[in-house]
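# Coordinate analysis (summary)
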Amino acid sequence: MSRIAYVNGLYVPHAEAAVHVEDRGYQFADGVYEVCEVRGGKMVDERRHMQRLVRSLGEIHIRLPMPLAALGVVLRETIRRNRVRDGIVYLQVTRGVARRDHYFPDPSTPPSIVVTARASDPARAEASAAQGVGVITVPENRWDRVDIKTVGLLPNVLAKEQAKTAGAREAWFVDKEGRVTEGGSTNAWIVTAEGRIVTRPAEAGILRGITRTVVFEVAEKLQLRVEERAFTVAEALAAREAFITAASTVVMPVVRIDGHPVGEGRPGPVARALRETFHQVAEVAD
Ligand code: PLP
């Protein structure tokens, strides 16, 4: 089946979907994005993802290209036209097309909007989760506004490629104090020897992941304690469990850090329980 993308008001064949060479997303990474999980043909946590989109756009002074209700229609239509039951829907908004110049273009310049949807194999994701994944650690080298979900992802791309080369799934950025910030495209968590779930506060240094926010509620439902504080790589190596979270991977156990096993080197019960319970707590709207 041929894929369809939404580009600036039109549904077009994916293979022909394009934006102008002077789109500011292309020229300056001057834009933001969101990724929502699609499960059973429906978006997971759409409300929170749209809230974060509005925040990201506000932080870089791009206006919302259309009302949220209309955006919801476009997201659903893109999922429907691509017949995605399980997978992701991707949305990108940039400052639009204008003659290349660092200054913002004329305020009348319409933002560009692109939506794509892609299916993934749930069985493969479950197989990954049953095995767990490895992470490497790399020095934090990103700007300090990683709270904005910008398409400027070069440090993340380089770190994740380094992870792949090392046979790992994810790279954890580590700040100057030796504390883990987050992964290249995921939030980072550990479960201490005492059974406490620990993740870095979202006030600085990380993206406030939507999956992260929902996992707090999942933990509450399971009567598990979460501590919001930074943890070091040494603490992670001594932890009972570790895991990563993102809309595209939900809760994924981490079983190796820089080649060293975490706990017994197998997915642990806390990550498993959070993963199994996640969709009972996440919001799904029609
Ligand atoms: N941190 C970074 C840098 C990310 O790119 C992502 C997702 O893409 C996340 C965390 C997880 O965010 P979410 O749970 O909203 O997908």
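Residues numbered from 1 in each chain as written. Predicted model: local features only at pLDDT ≥ 70, side-chain atom pairs only at ≥ 80, totals over all residues. Heavy atoms only, no water.

Before going further, it helps to examine the domain arrangement of the protein. Partitioning the protein into domains gives domain 1 (4–120) and domain 2 (125–281). Look at where the C-alpha atoms of domain 1 and domain 2 centre, and you get two points 26 Å apart. Between domain 1 and domain 2, the contact holds 20 residues from the first and 20 residues from the second. Carbon and sulfur atoms make up 60% of the surface buried where domain 1 meets domain 2, a total of about 1700 Å² over both sides. Interface area lost by domain 1 to domain 2 is led by Tyr33, Arg48 and Arg52, which between them contribute 37%. Connecting domain 1 to domain 2 are three salt bridges. (Domains from an automatic or database assignment. Contact = heavy atoms within 4.5 Å. Buried area = accessible area lost by both parts, 1.4 Å probe. Salt bridge = Lys/Arg side-chain N within 4 Å of Asp/Glu carboxyl O.)

Turning our eyes to something else, we now look at the site of the ligand. Of all residues adjacent to the ligand, which total 18 residues, the nearest are Arg52, Lys149, Glu182, Ile210 and Thr211. Taking Ile210, its main chain carries an N or O atom lying 2.8 Å from an oxygen atom of the ligand. Within the side chain of Thr211, one N or O atom sits 2.6 Å away from an oxygen atom of the ligand. For the ligand, the accessible surface in isolation is 390 Å², of which the surrounding protein chains cover 94%. When contributions to the shell around the ligand are tallied by element, the ones reaching two or more residues are α2 (46–59), β9 (180–183), α6 (210–221) and β13 (241–246). Residue composition of the shell around the ligand, by class: five nonpolar, 10 polar and three charged. Shared between two domains, the shell around the ligand holds at least three residues of each, these being domain 1 (4–120) and domain 2 (125–281). (Near = heavy atom within 4 Å. Polar contact = N/O pair within 3.5 Å; in protein donor to acceptor, adjacent residues only side chain to side chain. Areas by Shrake-Rupley, 256 points an atom, 1.4 Å probe, with all protein chains shown as cover. Helix = DSSP H or I, 4+ residues; strand = E, 2+ residues; numbered from the N terminus. Nonpolar A, V, L, I, M, F, W, Y, C, P; charged D, E, K, R; others polar.)

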